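Fold and geometry: a report
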Amino acid sequence: MLSMIGLVGGLILLIILTLRGVNLFIAAPLCALLVALSSDMAIFPVTADINFINAYMDGFASFLSAWFFMFLLGSLFGKFMEDTGAADSVASYIVGKLGMKHAVLAIVIACAVLTYGGVSLFVVAFSVYPMALSLFKDANLPRRFIPATLAFGSVTFTMTSAGSPEIQNWIPIKYLGTSPYAAWEVSLVVAIFMATFGYYWLNKMIKKALANGEHFEERDDDPSVVDRKRPHPITGLIPLLVVLLLSFTLHDTLQQTALIIALLGGVLSIMVINFKYFHDLAGAVNVGTTGALVAIGNTAAVVGFGAVAKVSPAFTAAVEVMTHMPGNELVGAAVAVSVIAGLTGSASGGQVIALPLVAPGYIDMGVNPEQLHRVVAISSGALDTLPHNGYVVTLIRAICKETHQRAYWSMAALTTVVPLIGVALAIGLFIFF
């Protein structure tokens, strides 16, 4: 009981501190320490094999080693797009052709195409942000909605849909023997619903903010590319296409390494095509590398909390309860995956922990594996975007330089509420049709 109180209390405290803008290098290990103490976990390695310091640092270091080059190259890619003026050029072209009222739609489509093309969610955020900033500036829209717009195009109707190359759609294959196109008919209906309803809700929130007098607010650290010649818009799109094509082509054979090659190709293509348009190449490199370290550090700090939580007795008990819920099996799987994803702050984490426990029993009971695949995939993308989620923290704080107080609630509406409705729709379609 004490361990459960510590786990829930530590998670709530982490969410509160994150929303209040407390430094995650302090907040995450502090909350993890609360979980460890309430679970009677040893603090130092010399005391026991399972201990707070080793558990936290194993989670922290494993994320750092797995994602460092993606964060570094992704941050450099975004900064180079800014510094050369390529992002501004593409944004101006889109606004000129589609009109300012379609600026948000252009960003959503760009994120959706990259995500469905196999580009990592973190990389999509780094890559599209410069264009999003320019579009919001040209359209005079409140910049606090940029994180919600980027996240909506990345982690909702594309990430967990049939055919998506993102890991959230591929993990169930290992446990269920299905394909990435499992239950594609229902997946298509749910994806269309999430895309249309989410886009309508996003526009409604932005229009309400504009009606209340909000507008785009420039900042001192915004990229300055005024009063100089900009590259042709095509030269701004080519690097994005290079990233997309390399990632899509190499994804099946090289897996995560494909992202490093794709981003390196994107960075090099910017330098080759738009080298003469660089305003301050050395400055862009410095800012990009510093931004990458801040982004991956914040995310790794939260991952460390999840690593400590997963070795606590309360987490084991919670998983046991969640994976043995009575009632409809699809509902039980959705609840189990959603709750575990929320506890770990990871959609893939929720699946990897829950599926080995629920899949064998449910399959033996005759549950359709394709239906289970799609429900698990969609439900994993709901509660995973609580305030302490690594992607959320990186997008809001490190990339968009916003605060949770300003930017999180609109993001939560689109990345938590909309997918929850989506998974309910999927279960309903599976049960009644």
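Reading the values: the criteria
- Residues numbered from 1 in each chain as written.
- Predicted model: local features only at pLDDT ≥ 70, side-chain atom pairs only at ≥ 80, totals over all residues.
- Heavy atoms only, no water.
- Helix = DSSP H or I, 4+ residues; strand = E, 2+ residues; numbered from the N terminus.
- Rg over C-alpha atoms; globule rule 2.2 N^0.38 Å.
- Contact = heavy atoms within 4.5 Å.
- Areas by Shrake-Rupley, 256 points an atom, 1.4 Å probe, with all protein chains shown as cover.
- Core = buried A, V, L, I, M, F, W, Y, C linked by side-chain atoms within 4.5 Å.
- Buried < 20%, exposed > 50% of the residue type's maximum accessible area, 1.4 Å probe, protein only.
- Salt bridge = Lys/Arg side-chain N within 4 Å of Asp/Glu carboxyl O.
- Phe/Tyr/Trp six-rings, centres within 6.5 Å; stacked < 30°, edge-to-face > 60°.
- UniProt positions renumbered as here; feature names shortened; annotations may be inferred.
- pLDDT = per-residue confidence, 0-100.
- 1 Å grid on protein atoms, 1.4 Å probe; cavity = no way out; pocket = protein on both sides within 12 Å on 5 of 7 lines; lining within 4 Å.
- Points joined across faces, edges and corners; volume = space filled by probe spheres on them.
- Axes fitted to C-alpha atoms, helices over the stretch in contact; angles between N-to-C directions.
- Parallel < 35°, antiparallel > 145°, perpendicular 65-115°, else oblique.
- Left-handed = near helix turned anticlockwise from the far one by under 90°.
- Nonpolar A, V, L, I, M, F, W, Y, C, P; charged D, E, K, R; others polar.

1. A short note on the overall build of the chain
For the chain, the count of helices and strands is 18 helices and zero strands. Scaling as 2.2 N^0.38, a compact globule of 433 residues should have a C-alpha radius of gyration of about 22 Å, and the chain matches this with 21 Å. When the backbone C-alpha atoms are referred to their principal axes, the chain occupies close to 65 × 55 × 50 Å. In the chain, the proportion of contacts linking residues at least 24 apart, taken out of those at least 6 apart, comes to 80%. Surface accessibility of the chain: about 17800 Å² in total, with carbon and sulfur atoms responsible for 69%.

2. Concerning the nonpolar core
A general trend in soluble globular proteins is that nonpolar side chains are found buried together. Formed by 141 residues in total, the largest nonpolar core has its most connected members in Val-128, Leu-135, Leu-150 and Val-308. Setting aside residues up to four positions removed in sequence, Leu-150 forms contacts with Ile-107, Cys-111, Ala-125, Val-128, Tyr-129, Ala-132, Tyr-391, Leu-395 and Cys-400.

3. Focus on the pattern of salt bridges
Taken as a whole, this structure holds five salt bridges when the rule is applied. When the shortest N-O distance is used, the salt bridge between Arg-144 and Glu-214 registers 2.8 Å. With Arg-144 in the loop between helix 6 (121-139) and helix 7 (146-155) and Glu-214 in the loop between helix 9 (184-211) and helix 10 (233-254), this residue pair connects regions lying 70 residues apart in the sequence. By relative accessible area, which is 19% here, Arg-144 ends up buried. Ionic pairing is found between Glu-402 and Arg-406, a salt bridge with its closest N-O pair at 2.7 Å. Each of the salt bridges in this network shares a partner with another, and the network as a whole consists of Arg-219, Glu-402 and Arg-406.

4. Things to note about the packing of aromatic side chains
As enumerated under the stated definition, the model contains 16 aromatic pairs in all. When the ring of Phe-63 is compared with that of Trp-67, the centres are 6.1 Å apart and the planes differ by 25°; the resulting orientation is stacked. Within this pair, Phe-63 and its partner Trp-67 are both found in helix 3 (residues 52-83), separated by four residues, close to a single helical turn. Residue classification places Phe-63 among the buried residues on the basis of a relative accessible area of 12%. Between Phe-71 and Phe-122 the ring centres are 4.9 Å apart and the planes differ by 45°, which places this aromatic pair in the tilted class. Remark: Phe-122 occurs in helix 6 and Phe-71 occurs in helix 3; sequence separation between them is 51 residues. By the burial criterion, Phe-71 is buried, and Phe-122 matches it. Put simply, the rings of Phe-63, Trp-67, Phe-71, Phe-122, Phe-126 and Tyr-391 touch in pairs and so form one group of aromatic residues.

5. What to know about the UniProt feature "transmembrane region" (unreviewed entry) in the chain
Mapped onto this numbering, the UniProt entry annotates "transmembrane region" (unreviewed entry) at residues 60-81, 102-129, 181-202, 234-251, 257-275 and 407-432. Along residues 102-129, the helical share is 82% and the strand share 0%, with 16 Å between the first and last C-alpha atoms.

6. Examining the confidence of the model for the chain
For the chain, per-residue confidence averages 88 on the pLDDT scale, and residues scoring 70 or more make up 99% of the total. Mean pLDDT values for the elements of the chain range from 79 in helix 4 (residues 86-98) up to 96 in helix 9.

7. Considerations on the layout of surface pockets
In this model, the largest pocket occupies a volume close to 1100 Å³. Taken together, 40 residues make up the lining of the largest pocket; nearest its centre are Trp-67, Ile-167, Gln-168, Ser-346 and Ser-348. Every element with two or more residues in the lining of the largest pocket is listed here: helix 3, helix 6, helix 8 (167-176), helix 10, helix 12 (281-310), helix 15 (347-364) and helix 17 (390-399). Of all the elements, helix 12 adds the most residues to the lining of the largest pocket, at six residues.

8. Observations regarding the packing of helix 14 (residues 329-344) against helix 15
Put simply, helix 14 and helix 15 touch, their axes get as near as 7 Å, and they point 150° apart. What the angle tells us is that helix 14 and helix 15 run roughly antiparallel. Like other packed secondary-structure pairs, helix 14 and helix 15 cross with a definite hand, here right-handed. Contact residues: Glu-329, Gly-332, Ala-333, Val-337, Ile-340, Ala-341 and Thr-344 in helix 14; Ala-347, Gly-349, Gly-350, Gln-351, Ile-353, Ala-354 and Tyr-362 in helix 15. Split into classes, the residues belonging to the contact of helix 14 with helix 15 amount to eight nonpolar, five polar and one charged.

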